[in-house]
Amino acid sequence: MTAINETGLAMDKQVAVLGGGCFWCLEAVYLDVDGVVAVESGYAGGQVKDPSYEEVCGGETGHAEVVRIEFDADRITFRELLGIFFTIHDPTTPNQQGADIGTQYRSVILHVDDAQRVAANAMIEDLQTRKVFDRPIVTQVVPLTDYYPAESYHQRYYERNPYQGYCMAVVGPKVAKFRKQFASRLRKRG
């Protein structure tokens, strides 16, 4: 989809939907990525229409906590977004990220087209071949069939609550890790 960026130039705007634990962590990181236009926390991959946070946390809806990332493919590729994704979460733990346990915290790439499916599977195969992780990658690669935005209080959560306990203990370190390992990909502040 062609859109206009902040400089008035056309951009190739695309969407990626990723789940890798608590959406506050992923959202905080991707908001810092140069080429990312927008990030929204939400729910995808379940059976219940328009679930609430409480329903998703109950583990009965089948949804994962995800982020919907709009990005300018002329400035950052889907593969680069996946490189960040596989760095900031553990793709080897089924239904768990650290102390967060449940199907809503599973590692999942919800592809919007065949090109994303192929790219995701190729990256997973490459990571496995190079033995980047000590255990097998369990990240699911599935088509995006539904997406529901999370409640407004979840949006930009880390940005608004950096001193909240979970943010200090879990989100902050992931953001710091991203900023250190991907300094060249940081959004220019100005």
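So, a few notes on the structure that sits alongside this text.

## Brief notes about unusual backbone geometry
Turning to step 1, where the next piece is worked out: Within the chain, D50 stands out as a residue other than glycine whose phi angle is a positive 50°.
Turning to step 2, where the next piece is worked out: Its place among the elements puts D50 in the loop between β3 (36-44) and α2 (53-57).
Turning to step 3, where the next piece is worked out: Of the residues examined, D50 reaches a relative accessible area of 52% and is grouped as exposed.
Turning to step 4, where the next piece is worked out: Phi is positive for K131, which is not a glycine, with a value near 55°.
Turning to step 5, where the next piece is worked out: Among the secondary structure elements, K131 is positioned in the loop between α4 (114-129) and β8 (140-143).

## Points about the packing of helix α1 (residues 23-30) against helix α3 (residues 78-88)
Turning to step 1, where the next piece is worked out: Relative orientation of the contacting elements α1 and α3 amounts to 135°, with a least axis distance of 11 Å. Considered as vectors, α1 and α3 are oriented oblique to each other. The chirality of how α1 crosses α3 is right-handed. Residues L26, V29 and Y30 of α1 form the contact with α3, whose own contacting residues are L81, I84, F85 and I88.

## Focus on the packing of aromatic side chains
By convention here, two paired aromatic rings are described through the distance between centres and the angle between planes.
Turning to step 1, where the next piece is worked out: Taken as a whole and judged by the stated rule, the model has 6 aromatic pairs.
Turning to step 2, where the next piece is worked out: Each ring, one from W24 and one from Y157, has its centre 3.7 Å from the other, and the planes form 5°; the classification is stacked. Remark: Y157 occurs in helix α5 (residues 157-160) and W24 occurs in helix α1; sequence separation between them is 133 residues.
Turning to step 3, where the next piece is worked out: Judged by relative accessible area, Y157 falls into the buried class, the value being 12%.
Turning to step 4, where the next piece is worked out: An aromatic cluster is built from F23, Y43 and Y53, whose rings are joined through pairwise contacts.

Each value, and the rule that gives it
- The residue numbering used here restarts from 1 in each chain and proceeds along that chain's sequence as written.
- Local features in this predicted model are restricted to residues of pLDDT 70 or higher, and side-chain atom pairs are both shown and tallied only at a pLDDT of 80 or more, whereas totals for entire chains, interfaces and linings draw on every residue.
- Remark: hydrogens and water are excluded; side-chain values derive from all non-hydrogen atoms of the structure.
- Going along the chain from the N terminus, every DSSP run of H or I of four or more residues is numbered as a helix, and every run of E of two or more is numbered as a strand.
- Only protein chains enter the accessibility calculation, which uses a 1.4 Å probe; a residue is then buried when its area is under 20% of its type maximum, exposed when over 50%, and partly exposed in between.
- Whenever a helix is involved, its axis is fitted only over the stretch in contact; in every case the axis is a line through C-alpha atoms, and angles between N-to-C directions fall within 0 to 180 degrees.
- Every angle not falling under 35 degrees, over 145, or within 65 to 115 is termed oblique; those three ranges are roughly parallel, roughly antiparallel and roughly perpendicular.
- Crossing handedness is defined as follows: a turn of the near helix away from the far one that is anticlockwise and smaller than a right angle gives a left-handed crossing, while the clockwise case is right-handed.
- Contacts are residue-level and defined by heavy atoms, with any inter-residue pair within 4.5 Å sufficient.
- Only Phe, Tyr and Trp rings take part, Trp by its six-membered ring, and two of them pair if their centres are within 6.5 Å. Stacked means planes under 30 degrees apart, edge-to-face means over 60, and tilted covers everything else.

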